[in-house]
Amino acid sequence: MANFSLSPAQEQLIEEIRQVAAERIAPVVRELDEGDDHFDFRPAQALAEHNLLTPTIPRAYGGRGLDYFSTALLLEELGATCAGVATVVTTNIHAAGPVILAGTEHQKKTFLPLLASPEPHLAAFALTEPEAGSDIGAMSALAACEGGVWKINGVKDFVINGGIAHFTTVFATTDPQNKRAGMMAFLLPSGVPGLKVGAVRNKMGIRYARTVQLIMKDTLVQDELVIGRKGGAYLLLMQTFDRGRALAGAVGVGIARAAFEFALRYSKERRQFGRPIFSQQAISFTLAELQTKIESARLLVWKACWLIDNDLDYTMASSMAKIAGSQVAQEATAAAMDILGGRGYLKGCPVEKLLRDARVMSLIEGTNHIQKAVIASQL
Amino acid sequence: MGYKSIGRQLQLAREEAGYSQEQLAAKIGCSQSTLSNYEKGKRRIYLAQLEKIAEILNKPIEYFLRPADYHRGEPESQSGEPGNQSSPAPKKKDTSYQANLLPILNMPGEDQGEKTALEQNLLRLFQSLSPAGQILVINFVTWLKEREVGCNGEF
């Protein structure tokens, strides 16, 4: 039986995050977007104080213990406020995911409480390489075990939270020929010898989410920091992705909602030809269509998260949610800019930032082309 | 996306262990149709489920994840333990595979002339299978041949 009403706890969570976002994040959004390489910890601090910087950490490890459905509600609100901040949170969730799913008790006790602390602790997720993006089987970062200690060599790119994270979840291969079966996941604490930050990536959008290259040169990792059973890292990665995609969809819905709400307000205030432009069907029908698509995408996100929370098959639903969320984000921001006209194109206009943020949504967490391949493989 | 080859390995391992889909599904606590979809690669198998299956079928997780060409000519590990992680098992010739293949290759009465398009396609398909898959095909063809011999008195 489907139930579309939120629980009192979920309603309360939305109120809580709206208050934090309005008081502690929204006032600095422009600074975050225009900021230099220096990471501004204020939004992360605000979220950490509410134990919402990594909301999926189980209560047993000091976390908020939110399920994916509630986490999606949180990320829609953050996406509507600043997609960069939402991306920092999703990256923390991503990095913690393999530990929650397959980590040892020692790993969980060591790393998870960090992300649940009232201090803003970040985690990074290092997977993409210069020559291995969608084709992760082409991974070349090499891990070799010598006397119970792993030595990792390779370069990872587009590492969000890289260089400012307290730990990084890294994927490497023991044998490039062995592709999926050779893949392994490691926990790299910050400051581990041989781990260096390379180029800082200057991005078009989600600029708050600091993104760097990570260079591993003879990086030594103790065997106890290997995540999961040998040979299982590929499935662990896919499962982490399948869960993360639903959340990326939620961020997209948030971006779309913010653009829609801004354009709706503007269309009721802006007068042309002697009346508000909203009274023109060209405008009101566009907004009506957007509202329909936003609601559709939100329902797909909710369904995918419900499947995850109920331990049912969520792969296809998650990819659909990601496609729908990213597409509606791009469509809504483009339409909002058309409604605002030249004012929307100016730096400092929220819609201009939303449009730049929306653009990455079809690329991040696996491109939409990959999502379609995932869906097609199940047809 | 890789799940088709995982599913194929899963099917081979299940058949090798002598389980029907119903039997294995019951052991891991899922429906037969779910297991069937895992084997077809139509449903992503999650790690916890594959770990259960690996344990029941006495295979290491890597067995299911290796690329198809890695299995070709690779000896089957009965211990369930692969080699050292830093140095993968060497790709040796599978003698049992050769032993299964040779009788078919040496079968008398085969036309050794130029192959037709159908024969070439069959050969290509056959070659694209894993060694265990090829053995299944050989066994089936052998059985079929024996049945025809039984019917027609030829061979």
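The structure contained in this document is the topic of the report that follows. Keep in mind that this is a model prediction, so the values were computed, not measured.

Parameters at a glance
Residues numbered from 1 in each chain as written. Chains lettered and ligands numbered in written order. Predicted model: local features only at pLDDT ≥ 70, side-chain atom pairs only at ≥ 80, totals over all residues. Heavy atoms only, no water. Helix = DSSP H or I, 4+ residues; strand = E, 2+ residues; numbered from the N terminus. Buried < 20%, exposed > 50% of the residue type's maximum accessible area, 1.4 Å probe, protein only. Contact = heavy atoms within 4.5 Å. Areas by Shrake-Rupley, 256 points an atom, 1.4 Å probe, with all protein chains shown as cover. Polar contact = N/O pair within 3.5 Å; in protein donor to acceptor, adjacent residues only side chain to side chain. Salt bridge = Lys/Arg side-chain N within 4 Å of Asp/Glu carboxyl O. Pairing = 2+ DSSP bridges. Buried area = accessible area lost by both parts, 1.4 Å probe. Axes fitted to C-alpha atoms, helices over the stretch in contact; angles between N-to-C directions. Parallel < 35°, antiparallel > 145°, perpendicular 65-115°, else oblique. Left-handed = near helix turned anticlockwise from the far one by under 90°. Nonpolar A, V, L, I, M, F, W, Y, C, P; charged D, E, K, R; others polar. Patch = residues over 30% accessible without salt bridge, like charges linked within 9 Å, V, L, I, M, F, W, Y side chains within 5 Å. Expected span 1.5 Å × (residues − 1). Core = buried A, V, L, I, M, F, W, Y, C linked by side-chain atoms within 4.5 Å.

1. Points about the overall build of chain A
Tallying secondary structure elements over chain A gives 12 helices and 10 strands in all. The buried share of chain A, reckoned over its 379 residues, is 58%. Restricting to contacts in chain A with at least 6 residues of sequence separation, those with at least 24 account for 73%. A total of about 15500 Å² of accessible surface is found on chain A, and carbon and sulfur atoms cover 55% of it.

2. Some remarks on the side chain of Arg210(A)
Residue and element names in this part refer to chain A. Within the secondary structure, Arg-210 is located in the loop between β6 (195–200) and β7 (211–222). Taking the relative accessible area as the measure of exposure, Arg-210 reaches 16% and is therefore buried. Within the structure, Arg-210 has its side chain in polar contact with the backbone oxygen of Gly-162 (distance 3.3 Å).

3. What to know about the pattern of salt bridges
Pairing between side chains becomes possible if they bear opposite charge and their charged atoms approach one another. Residue and element names in this part refer to chain A. Evaluated as defined, the whole model comprises 24 salt bridges over all chains. Here Glu-16 ties to Arg-64 by a salt bridge, and the two come within 2.7 Å at their closest N and O atoms. Placement of the pair is Glu-16 in helix α1 (residues 8–25) and Arg-64 in the loop between α3 (42–49) and α4 (68–81), with a sequence separation of 48 residues. Of the residues examined, Arg-64 reaches a relative accessible area of 21% and is grouped as partly exposed. What you see here is one network of salt bridges that share partners, running through Arg-18, Glu-76, Glu-77, Arg-257, Glu-261, Glu-295 and Arg-298.

4. Some remarks on the pairing of strand β2 (residues 142–146) of chain A
Residue and element names in this part refer to chain A. Across five bridges, the pairing between β2 and strand β3 (residues 149–160) is antiparallel. For Ala-144, the partnering residue across the bridge sits in β3 and is Lys-151. From the end of β2 to the start of β3, which pair antiparallel, there are two residues, and Gly-147 there has a positive phi angle of about 60 degrees.

5. With respect to the interface of chain A and chain B
Interface size is commonly expressed as the accessible area that is lost once the parts come together. In this assembly, 33 residues from chain A lie in contact with 27 residues from chain B. When the two sides are added together, the surface that chain A and chain B hide from each other amounts to roughly 2700 Å², 54% of it contributed by carbon and sulfur. On the chain A side of the contact with chain B, Arg180(A), Lys230(A) and Leu235(A) bury the most area, a combined 25% of that side's loss. On the surface where chain A and chain B come into contact, there are two salt bridges. Of the charged contacts in the structure, one is a salt bridge between Asp242(A) and Arg44(B), with a shortest N-O distance of 2.8 Å.

6. Describing unusual backbone geometry
Its identity is not glycine, yet Phe273(A) carries a phi of approximately 55 degrees, on the positive side. Residue position: Phe273(A) is located in the loop between β9 (271–272) and β10 (275–276). Residue Asn58(B) is not a glycine yet carries a positive backbone phi of 60 degrees. With respect to the helices, strands and loops of the structure, Asn58(B) is situated in the loop between α4 (47–57) and α5 (61–65). On the basis of relative accessible area, Asn58(B) is assigned to the partly exposed category, the value being 43%.

7. Examining the packing of helix α8 (residues 233–269) of chain A against helix α9 (residues 281–309) of chain A
All names here are of chain A. Running from N to C, α8 and α9 point in directions that differ by 155 degrees, and their axes come no closer than 9 Å. Relative to α9, the element α8 lies roughly antiparallel. Crossing of α8 against α9: the hand is left-handed. When grouped by side-chain class, the residues that make up the contact of α8 with α9 number 17 nonpolar, three polar and four charged.

8. Let's talk about the environment of Gly29(B)
Residues and elements named next belong to chain B. Mapped onto the fold, Gly-29 is located in the loop between α2 (21–28) and α3 (32–40). Among the residues examined, Gly-29 registers a relative accessible area of 64% and is labelled exposed. As for Gly-29 and Lys-52, which are separated by 23 residues in sequence, their C-alpha atoms are 9.8 Å apart.

9. Some details on a nonpolar patch on the surface
There is a patch of nonpolar side chains on the surface, built from Val137(B), Phe140(B), Val141(B) and Trp143(B) and spanning about 360 Å² of accessible area. Within the secondary structure layout, Trp143(B) lies in helix α9 (residues 131–152).

10. Let's talk about α4(A)
The end-to-end C-alpha separation of α4(A) is 20 Å, in line with the 20 Å expected for 14 residues at 1.5 Å each. Among the 14 residues in α4(A), 14 count as buried, and that is most of the element.

11. Some thoughts on the nonpolar core
Counting 83 residues, the largest nonpolar core has Leu47(A), Leu75(A), Leu78(A), Val85(A), Ile255(A), Val301(A) and Cys305(A) as the members making the most contacts within it. In terms of residue count, α8(A) provides more of this core than any other element does, 13 residues in total. Among all residues touching Leu75(A), those that are not within four sequence positions of it are Ala86(A), Val89(A), Thr90(A), Ile93(A), Leu247(A), Ala250(A) and Val251(A). Formed by 70 residues, the second largest nonpolar core is a distinct cluster that contains Ile57(A), Leu127(A), Phe171(A) and Ile61(B).

12. Brief notes about the packing of helix α10 (residues 315–340) of chain A against helix α12 (residues 368–377) of chain A
Describing two packed helices takes the angle between their axes plus the distance from one axis to the other. Residue and element names in this part refer to chain A. Where α10 contacts α12, the axes come no closer than 9 Å and their chain directions differ by 150 degrees. On the basis of the axis angle, α10 is roughly antiparallel to α12. For the pair α10 and α12, the crossing hand works out as left-handed. Mapping the contact onto sequence places Thr-315, Met-316, Ser-319, Met-320, Lys-322, Ile-323, Ser-326 and Gln-327 in α10 and Asn-368, Gln-371, Lys-372, Val-374 and Ile-375 in α12. Across the contact of α10 with α12, the residue classes tally to five nonpolar, six polar and two charged.

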